[in-house]
Amino acid sequence: MALENCPTDARGLMSGILQQGYSMGYVFAACANLGVGGAIETWKTVFWIAAGLSIGVGLIRCCFPESKQFLENKKNGHKKAPGAFWQETKLMLAQQWKMCVYCIILMTWFNCECLKYFG
Amino acid sequence: MSTFNEPADPIAQGIWPTAKQSWSDLFKWKQRVVVYNESGETTTEWQTPPRLRNPFSLMAQLTAMNWVFFIVGLAAWTADAFDFHALSIQTVKLSKYYKVTKTDISEAITLTLLLRSVGAAMFGFAGDKYGRKWPMVANMIILGLLQIATIYSTTFNQFLAVRSLFGLFMGGV
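The present account deals with the structure reproduced in this document. Just so it is clear, the model here is predicted, and its values are computed rather than measured.

### Details of the side chain of B:S88
- Tracing the sequence through the fold places B:S88 in helix α3 (residues 64-88).
- Within the structure, B:S88 has its side chain in polar contact with the side chain of B:H85 (distance 3.0 Å).

### Description of the nonpolar core
- Counting 35 residues, the largest nonpolar core has B:L87, B:L94 and B:F159 as its most contacted members.
- Put simply, the parts of the chain that give this core at least two residues each are α1 (8-36) and α2 (43-62) of chain A together with α3, α5 (102-130), α6 (133-152) and α7 (156-170) of chain B.
- Each residue touching B:L94, except ones within four places of it in the same chain, is listed here: A:W43, B:L87, B:I105 and B:F159.
- A:L3, A:C6, A:A10 and A:L18 belong to the second-largest nonpolar core, a separate cluster that totals nine residues.

### Here's the deal with the pattern of salt bridges
All names here are of chain B.
- Tallied over the entire structure, the rule returns two salt bridges over all chains.
- Put simply, K28 and D25 hold a salt bridge, and the shortest N to O gap is 3.7 Å.
- On the accessibility criterion, D25 (17% relative accessible area) is buried.
- Close ionic contact of D25 with R32 constitutes a salt bridge, the shortest N to O distance being 2.7 Å. Considered together, D25 and R32 belong to a single accessibility category, that of buried residues.

### What to know about the interface of chain A and chain B
- Chain A puts 57 residues into the contact, and the matching count from chain B is 59 residues.
- Each partner contributes to the roughly 5300 Å² buried at the junction of chain A and chain B, and carbon and sulfur atoms together form 77% of this total.
- Of all residues in chain A, A:Y22, A:W43 and A:F47 give up the largest surface area on contact with chain B, accounting jointly for 15% of the area buried on that side.
- Applying the counting criterion to the chain A and chain B interface returns zero salt bridges.
- Of all elements in the fold, only α1, α2 and α4 (82-118) of chain A reach the threshold of two or more residues within the side of chain A that touches chain B.
- When residues of the side of chain A that touches chain B are assigned to their parent elements, the largest contribution, 18 residues, is made by α1(A).
- The residue inventory of the side of chain A that touches chain B, partitioned by class, reads 38 nonpolar, twelve polar and seven charged.

### Section: the packing of α2(A) against α6(B)
- Taken N-terminus to C-terminus, the directions of α2(A) and α6(B) make an angle of 165°; their axes are 8 Å apart at the nearest point. For the element pair α2(A) / α6(B), the angle class is roughly antiparallel. α2(A) and α6(B) meet at a crossing whose hand is left-handed.
- Of the residues in the contact of α2(A) with α6(B), the class split is 19 nonpolar, five polar and three charged.

### Examining the pairing of strand β2 (residues 42-47) of chain B
Residue and element names in this part refer to chain B.
- Bridge count between strand β1 (residues 31-36) and β2: six bridges; the pairing is antiparallel. Within β2, the residue paired with Q31 across the bridge is Q47.
- Hairpin connection between β1 and β2: a loop of five residues separates the two successive antiparallel strands, and G40 in this loop has a positive phi of roughly 85°.

### Quick notes on the side chain of B:N139
- Tracing the chain through its elements places B:N139 in helix α6.
- Since its relative accessible area comes to 1%, B:N139 is described here as buried.

### Focus on the packing of α6(B) against α7(B)
Residue and element names in this part refer to chain B.
- With their axes 9 Å apart at the nearest point, α6 and α7 run at an angle of 165° to one another. Taken as axis vectors, α6 and α7 run roughly antiparallel relative to one another. For the pair α6 and α7, the crossing hand works out as left-handed. Taken together, the residues of α7 that come into contact with α6 (itself represented by N139, I142, L143, L146, Q147, A149, T150 and Y152) are Q158, F159, V162, R163, L165, F166, F169 and M170.
- Residues that form the contact of α6 with α7 fall into these classes: eleven nonpolar, four polar and one charged.

Parameters at a glance
- Residues numbered from 1 in each chain as written.
- Chains lettered and ligands numbered in written order.
- Predicted model: local features only at pLDDT ≥ 70, side-chain atom pairs only at ≥ 80, totals over all residues.
- Heavy atoms only, no water.
- Helix = DSSP H or I, 4+ residues; strand = E, 2+ residues; numbered from the N terminus.
- Polar contact = N/O pair within 3.5 Å; in protein donor to acceptor, adjacent residues only side chain to side chain.
- Core = buried A, V, L, I, M, F, W, Y, C linked by side-chain atoms within 4.5 Å.
- Buried < 20%, exposed > 50% of the residue type's maximum accessible area, 1.4 Å probe, protein only.
- Contact = heavy atoms within 4.5 Å.
- Salt bridge = Lys/Arg side-chain N within 4 Å of Asp/Glu carboxyl O.
- Buried area = accessible area lost by both parts, 1.4 Å probe.
- Nonpolar A, V, L, I, M, F, W, Y, C, P; charged D, E, K, R; others polar.
- Axes fitted to C-alpha atoms, helices over the stretch in contact; angles between N-to-C directions.
- Parallel < 35°, antiparallel > 145°, perpendicular 65-115°, else oblique.
- Left-handed = near helix turned anticlockwise from the far one by under 90°.
- Pairing = 2+ DSSP bridges.

Take a look at the structure:
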């Protein structure tokens, strides 16, 4: 959604920046954790902040319209029924299962390497 | 661009030929591209990769509305990561609070991540079926409510259950 509006040329760059949201969340959580101090009950404060953030973003999202791409697709009657999706998935698994297994192993390995340091 | 490109060998089939071809292509500047012409035939040719662009001129291509959507998306992702790491960074406090070991607390992280993939698939469907807006709104609000539920879970089992549900909805973001 955040990216399907972007011009195609800029999409690669913007998706890279979007991923930093995860790191930003981690940094903010770390700041909050430092901010509340080390007492046991303080974890609740951080969770309250987290809840406020999530609900806040949800409410902000209410103020903006639905994705144009989605509305156009719907208008054109181009509905991808879940059935069609499953058929495509089955076809993909039948033809490219080796590639799928490879990708899963690759991503698992990447994530392990990354989370070893980053948590 | 209608410049003439040098023809290339077609994309290899099978594991070993693909591996060999990809490895050798890795050291070539030009890219092997399959081109479809009007009559549906395919040819393979070498294309020069597009020039790298200045990130600022790329960013300038986004309209104000594009930026709004991008920033809302970024904020959602940030809030989501905050919720998740609120747990992982406070394992020590939580283990003291529930009087369990830190390993037990990290079990909650495992459950969250396990159900995250399930949630991603479910909300992926919802996004295609009901649009990008309302599933997202519902998702963020439920995430917030689950954070509050975590605060009020008195036993460790409740805590684990809430965190699993949280994973389900975290996948949706």
